[in-house]
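Commentary on secondary and tertiary structure
Chain by chain, the residues run as shown.
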Amino acid sequence: NGHTGIPAKGEVDTELHVKTEVKAEVEQVIDNGDSNLQSIEQQDPISQNGEERIAPEPTPPKNEYQSLMKNDDNTNNHDSNMVQNLLETIQRQTNEISKLHGTLEQREEQLTQKSISLHELSDTHETELSQYQSKIRDVKEEARKRLTRAKEKVDELQSQLSQARS
């Protein structure tokens, strides 16, 4: 019966048969250390989608595997040492950044205080300048008044002198 997925009596379930064959091939490849798989791939260097196949690295025999595991342990130790060194470097740099932030905040505070002082001094200067200019105007006005009075007196005295001569 094709539409139910269950083979009718006397029919062979080809899908199950293919799955069984593939499973047997996979087990054989695992047992033989990939030698069968490599020979198959070497015979057909082009994959199904038309791209060139890259041959997988062969699985080493068991005694080489133990040697690789020792090397892998050394690599893991090296990697963990590298990670530890990186973490220490990150911590040192984080501490340095914190110190620099503190120094930056102090300098910003100093600049803020100097800016406030400069603003206050500028205001004081403007106030004093305004006061001096006002005093200068007052002194000039007083000097004009005195000059005017002095001229009037001179004119009056000249007029009296001329009348006295005549």
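One structure accompanies this document, and this report is about it.

Rules used throughout
- Residues numbered from 1 in each chain as written.
- Predicted model: local features only at pLDDT ≥ 70, side-chain atom pairs only at ≥ 80, totals over all residues.
- Heavy atoms only, no water.
- Helix = DSSP H or I, 4+ residues; strand = E, 2+ residues; numbered from the N terminus.
- Buried < 20%, exposed > 50% of the residue type's maximum accessible area, 1.4 Å probe, protein only.
- Areas by Shrake-Rupley, 256 points an atom, 1.4 Å probe, with all protein chains shown as cover.
- Salt bridge = Lys/Arg side-chain N within 4 Å of Asp/Glu carboxyl O.

Each helix and strand counted, the protein has three helices and zero strands in total. Overall, the protein shows an N-to-C arrangement of helices and strands of α-α-α. Here the protein, with 166 residues, has 2% of them falling under the buried criterion. Accessible area for the protein stands at about 15,600 Å²; split by element, carbon and sulfur atoms hold 53% of it.

All chains considered together, the criterion is met by three salt bridges. Two residues, R144 and E141, come together in a salt bridge whose shortest N-O distance is 3.4 Å. In this pair, R144 and E141 both sit in helix α3 (residues 62–165), three residues apart, roughly one turn of the helix. R146 is the partner of E142 in a salt bridge, and the nearest nitrogen-oxygen pair spans 3.5 Å. With E142 and R146 both in helix α3 and four residues apart, the pair spans about one turn of that helix. Here the residues in one salt-bridge network are E142, R146 and R149, joined through shared partners.

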